Amino acid sequence: MREAVARAEPKPPARTGQVKAAARWVRRAPLLPALIFTIVVTQLPFVATLVISLMRWNSLDPTNRGFAGVDNYTAVFTDPDLRSAIGTTVLLTVTVVFVSLVLGLVLALLLDRKFAGRGLVRTMLIAPFLVVPVAAALLWKHALYNPEYGLLNGVLTWLFGADAPQPEWISGMPLIAVEASLVWQWTPFMMLILLAGLQSRPQDAVEAARIDGATAWQVFRYLTLPHLRQYLELGALLGSIYIVQNFDAVFTITSGGLGTANLPYTIYQTFYQAHDYGQASAAGVVVVVGSIVIATFALRVVSSLLREEVRG
């Protein structure tokens, strides 16, 4: 009797698991070329850099080559020049991100209002972010900072006459000169993120607050700013990922001199001038790890934003 009941019960297909696996491979197969290309282009060079960072490899001393362990990493954090470069990188990144966020927030609040020509103004404000970084640095170095024909000294001459001061902007304030060029280029990026956040505000809550007599500052303080918190975090994190790796502005404007050498520029000097490939690779790994840490926080912020949108 039991055998008859067992024979009568429907049995699942024997190859159900194989069919599902085949279906998964059919979906993933078109992505394999892109995955292989990504691994070859990004992961293999990083693995090679990681291996070289554990070696003594200086082309000026070819006889002294071998496994160095963590000596190169120790040198990165103990060498005075590299430690100074790390400090400059942190200062440069924090200053540029903070100032860009503040200016971007002000511009986003202005562009959130309706006025004639808003589309044109928005396009013009976005333009600096679309300029090639090297071209932007050259623009600031020659068209603005040059003491003989630069715009800044020209404006001073126009305002105060022939006796106007003609400061050396780059040599007199080198780090600020680099920071100003980066702020000019990254403020539009922050503005776009914050403007998107402003346009996603619940307008009914804003209108209700205004009907209840709330001032513009109270609406901003208690409604707009809390809503923009995650957008501010996202802008700060994404900006930090890119600015911490900035090389163009430092190389073009100051050539790393006058205390402006950040970590990417110091890596360039170590690799191409000192020819110490092991130490340069170790510094590069430090930059990559730092960028990954920042990117992880950025992805968490993006995920939280998406979850809120889904719940909304």
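### A word on the side chain of S53
Right, on to step 1. Topologically, S53 is positioned in helix α3 (residues 32–53).
Right, on to step 2. Since its relative accessible area comes to 0%, S53 is described here as buried.
Right, on to step 3. Among the polar contacts listed, one links the side chain of S53 to the side chain of Y73, at a separation of 2.7 Å.
Right, on to step 4. Those residues within four positions of S53 in sequence are excluded, and the remaining contacts are G69, N72, Y73, G278, S281, A282 and V285.

### A word on a positive patch on the surface
Right, on to step 1. A grouping of K20, R24, R27 and R28 is seen on the molecular surface, where their side chains present a positively charged patch.
Right, on to step 2. One can find K20 in helix α2 (residues 16–28).

### Points about a nonpolar patch on the surface
Right, on to step 1. Taken together, the side chains of W25, L32, L35, I36, F37, I39, V40, V41 and L44 define a hydrophobic patch exposed on the protein surface, amounting to about 880 Å² of accessible area.
Right, on to step 2. For the nonpolar patch, the leading source of residues is α3, giving eight residues.
Right, on to step 3. Considering the arrangement of structural elements, one finds L44 in helix α3.

### A closer look at helix α5 (residues 80–111)
Right, on to step 1. Here α5 spans 46 Å end to end across 32 residues, near enough to the 46 Å set by a 1.5 Å rise per residue.
Right, on to step 2. Between the side-chain oxygen of the N-cap and the backbone nitrogen of D81 there are 3.0 Å, and the N-cap of α5 in question is D79.

### Focus: the nonpolar core
Right, on to step 1. Counting residues in each nonpolar core, the largest one holds 38 residues, and the members touching the most others are L92, V96, A108, Y145, V178, L182 and I253.
Right, on to step 2. Counting only elements with at least two residues in this core, the list comes to α5, α7 (133–144), α9 (169–172), α10 (174–199), α12 (216–243) and α13 (248–254).
Right, on to step 3. Examining the composition of this core, we find that 13 residues originate from one element, α10, more than from any other.
Right, on to step 4. Those residues in contact with V178, other than ones at most four positions away along the chain, are L92, A249, V250, I253 and T254.
Right, on to step 5. Of all hydrophobic cores here, the second largest spans eleven residues; its members include I267, A282, V285 and V287.

### A word on the environment of A108
Right, on to step 1. Inspection of the secondary structure puts A108 in helix α5.
Right, on to step 2. The sequence separation of A108 and Q199 amounts to 91 residues, and the corresponding C-alpha distance is 9.7 Å.

### Remarks on the environment of A177
Right, on to step 1. Mapped onto the elements of the fold, A177 is located in helix α10.
Right, on to step 2. You can call A177 buried: its relative accessible area is 2%.
Right, on to step 3. Each C-alpha atom, one on A177 and one on T260, is 9.7 Å from the other, the two residues being 83 residues apart in sequence.
Right, on to step 4. Ignoring anything within four residues of it in the chain, the contact list for A177 reads Y145, W169, I170 and I253.

### With respect to the packing of α5 against α10
Right, on to step 1. α10 packs onto α5 with a crossing angle of 45° between their chain directions and a minimal axis gap of 6 Å. Between α5 and α10, the angle is such that the two are oblique. The handedness of the crossing between α5 and α10 is right-handed.

### Overview of unusual backbone geometry
Right, on to step 1. Positioned with a positive phi, S255 is a non-glycine residue whose angle comes to about 55°.
Right, on to step 2. Mapped onto the elements, S255 comes out in the loop between α13 and α14 (263–272).
Right, on to step 3. Unlike most non-glycine residues, L258 shows phi in positive territory, near 60°.
Right, on to step 4. Tracing the sequence through the fold places L258 in the loop between α13 and α14.
Right, on to step 5. Exposure remark for L258: the relative accessible area of 56% places this residue in the exposed category.

### Description of α14
Right, on to step 1. Those residues of α14 that fall on the buried side of the exposure criterion are L263, P264, Y265, T266, I267 and T270.
Right, on to step 2. The residue sitting at the N-terminus of α14 and contributing the capping side-chain oxygen is N262; that oxygen lies 3.2 Å from the backbone nitrogen of Y265.

### Details of the side chain of S181
Right, on to step 1. With respect to the secondary-structure elements, S181 resides in helix α10.
Right, on to step 2. Residue S181 is classed as buried on the basis of its relative accessible area, which comes to 4%.
Right, on to step 3. The contacts of S181, once residues within four sequence positions are left out, are W140, Y145, A249 and I253.

### Quick look at the pattern of salt bridges
Two side chains that carry opposite charge are able to pair once their charged atoms sit near each other.
Right, on to step 1. Summed over the entire model, instances satisfying the criterion amount to two salt bridges.
Right, on to step 2. Residue R229 is joined to E233 by a salt bridge in which the shortest nitrogen-to-oxygen separation is 2.8 Å. Residue R229 and its partner E233 are located together in helix α12, separated by four residues, close to a single helical turn.
Right, on to step 3. For R229, a relative accessible area of 45% translates into the label partly exposed.
Right, on to step 4. Residue classification places E233 among the partly exposed residues on the basis of a relative accessible area of 31%.

So, how was this worked out
Residues numbered from 1 in each chain as written. Predicted model: local features only at pLDDT ≥ 70, side-chain atom pairs only at ≥ 80, totals over all residues. Heavy atoms only, no water. Helix = DSSP H or I, 4+ residues; strand = E, 2+ residues; numbered from the N terminus. Buried < 20%, exposed > 50% of the residue type's maximum accessible area, 1.4 Å probe, protein only. Polar contact = N/O pair within 3.5 Å; in protein donor to acceptor, adjacent residues only side chain to side chain. Contact = heavy atoms within 4.5 Å. Patch = residues over 30% accessible without salt bridge, like charges linked within 9 Å, V, L, I, M, F, W, Y side chains within 5 Å. Areas by Shrake-Rupley, 256 points an atom, 1.4 Å probe, with all protein chains shown as cover. Salt bridge = Lys/Arg side-chain N within 4 Å of Asp/Glu carboxyl O. Lys, Arg positive; Asp, Glu negative; His and termini not counted. Charge placed at Lys NZ, Arg CZ, Asp CG, Glu CD. Expected span 1.5 Å × (residues − 1). Core = buried A, V, L, I, M, F, W, Y, C linked by side-chain atoms within 4.5 Å. Axes fitted to C-alpha atoms, helices over the stretch in contact; angles between N-to-C directions. Parallel < 35°, antiparallel > 145°, perpendicular 65-115°, else oblique. Left-handed = near helix turned anticlockwise from the far one by under 90°.

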